[in-house]
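Examining the three-dimensional arrangement
Now for the letters of each chain:
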Amino acid sequence: MGDGFGSNGIAAEVADNAVAWFAIQSPEDRDENLKSVFYEKVKIESRTRVTAAIGDARASLSSLYARQLSERELMGAETFALTPEGKAFLLVQLSQDVGLRHLVSIFLYQRTFPELPRLLQSSRESSAILKKINRAQ
């Protein structure tokens, strides 16, 4: 999914939440370089999962819209959404819908959360390598 939907912003929101998790970890993890590496790794990992998180959010969205629209209106909206014009229109609308992006970021964080310890360990390793390289220069 392109960033017209705001996937970079969603990934950044997930990374911000992961940094909050990072902040309550052990004191040896207070290094700012490590924090930066961790943030970027979470963003990268999150970007690969945005589409799946949108799928997770679909049930919540379906329920929300079903309460607001009739079955006929929903069918008409689906027909429109399948056209090139409908896709373009929805992309513009979705890129401006902060509430929807936040909902997707919640589902994305839930998908990413179990991976945070692995990402933190990988970040520790990368950070240590970066420190060695910087000392050698």
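Below is a short write-up of the structure. For every chain, the first residue of the written sequence is number 1, and numbering continues from 1 along that sequence. With pLDDT at 70 or above as the cut-off, local features in this predicted model cover only qualifying residues; side-chain atom pairs require 80 or more to be listed or tallied, and sums for whole chains, interfaces and linings still use all residues. For the side-chain quantities, the full set of heavy atoms in the structure was used; hydrogens and water were omitted.

Digging into the overall build of the protein chain
Condition: Secondary structure is summarised from DSSP: a helix means a run of H or I of at least four residues, a strand means a run of E of at least two, and numbering begins at the N terminus for each. It only takes one pair of heavy atoms within 4.5 Å for two residues to be counted as in contact. Each accessible area is a Shrake-Rupley result for a 1.4 Å probe, and residues are judged covered by the shown protein chains and nothing else. Positive charges come from Lys and Arg alone, negative charges from Asp and Glu alone, with His and the N- and C-terminal ends not counted. Every charge is mapped to an atom, namely NZ of Lys, CZ of Arg, CG of Asp or CD of Glu.
The helix and strand tally for the protein chain stands at seven helices and zero strands. The N-to-C order of helical and strand elements in the protein chain reads α-α-α-α-α-α-α. Overall, the C-alpha framework of the protein chain stretches about 65 × 30 × 20 Å when taken along its three principal axes. Restricting the contact set of the protein chain to residue pairs at least 6 apart, pairs at least 24 apart contribute 77%. By element, 58% of the accessible surface of the protein chain is carried by carbon and sulfur atoms, the whole surface being about 8600 Å². Across the protein chain, 17 positive and 17 negative side-chain charges occur, with their mean positions spaced 5 Å apart.

Some thoughts on the pattern of salt bridges
The condition that has to hold: Should a side-chain nitrogen of Lys or Arg be within 4 Å of a carboxyl oxygen of Asp or Glu, the pair is scored as a salt bridge. Think of it in three bands: with a 1.4 Å probe and only protein chains considered, a residue is buried below 20% of the maximum accessible area for its type, exposed above 50%, and partly exposed in between.
Overall, the coordinates contain five salt bridges when judged by the stated rule. Where Arg111 meets Asp56, a salt bridge forms, and the shortest distance between an N and an O atom there is 2.6 Å. Separated by 55 residues along the polypeptide, Arg111 in helix H6 (residues 98-112) and Asp56 in helix H3 (residues 50-68) bring together distant segments of the chain. Given the relative accessible area of 29%, Asp56 is considered partly exposed. Through salt bridges that share partners, Glu45, Arg49, Glu115 and Arg118 make up one connected network.

What about helix H1 (residues 7-23)?
Heads up, the rule is: Here a helix's expected span is defined as the number of its residues, less one, multiplied by 1.5 Å.
The end-to-end C-alpha separation of H1 is 24 Å, in line with the 24 Å expected for 17 residues at 1.5 Å each. Listed in full, the buried residues belonging to H1 are Ser7, Ile10, Ala11, Ala12, Val14, Ala15, Ala18, Val19, Trp21 and Phe22. Each element contacted by the buried residues of H1 is listed here: helix H2 (32-47), H3, H6 and helix H7 (116-136).

Details of a nonpolar patch on the surface
For clarity, the cut-off: Put simply, a patch holds well-exposed residues, over 30% relative accessible area, that have no salt bridge, with like charges counted together within 9 Å and Val, Leu, Ile, Met, Phe, Trp or Tyr side chains within 5 Å.
Together, Leu64, Tyr65, Leu69 and Leu74 make up an exposed nonpolar region whose accessible area comes to about 290 Å². Inspection of the secondary structure puts Leu74 in helix H4 (residues 71-81).

So, the packing of aromatic side chains
Heads up, the rule is: Any Phe, Tyr or Trp ring, taking Trp's six-membered ring, that has another such ring centre within 6.5 Å forms a pair; planes under 30 degrees apart are called stacked, those over 60 apart edge-to-face, and the others tilted.
The full count for this structure, using the stated rule, is five aromatic pairs. Their ring planes at 80 degrees and their centres at 6.5 Å tell us that Trp21 and Phe113 sit as a pair that is edge-to-face. Separated by 92 residues along the polypeptide, Trp21 in helix H1 and Phe113 in the loop between H6 and H7 bring together distant segments of the chain. By the ring-pair criterion, three or more aromatic residues cluster together here, those being Trp21, Phe22, Phe38, Tyr109 and Phe113.

Some details on the side chain of Ser127
Within the secondary structure, Ser127 sits in helix H7. Beyond its immediate stretch of four places on either side in the chain, Ser127 contacts Asp31, Asn33 and Leu34.

Notes on the nonpolar core
Definition in use: Take the buried Ala, Val, Leu, Ile, Met, Phe, Trp, Tyr and Cys residues and link them wherever side-chain atoms come within 4.5 Å; each set so joined is a nonpolar core.
If you look at the biggest cluster of nonpolar residues, it comprises 25 residues, and the most contacted ones within it are Trp21, Phe38, Val42, Val104 and Leu116. Only H1, H2, H3, H6 and H7 provide two or more residues apiece to this core. By residue number, the principal contributor to this core is H1, which donates eight residues. Apart from residues no more than four positions distant in its own chain, Phe38 is found in contact with Ala18, Val19, Trp21, Phe22, Leu116, Leu119, Leu120 and Ser123.

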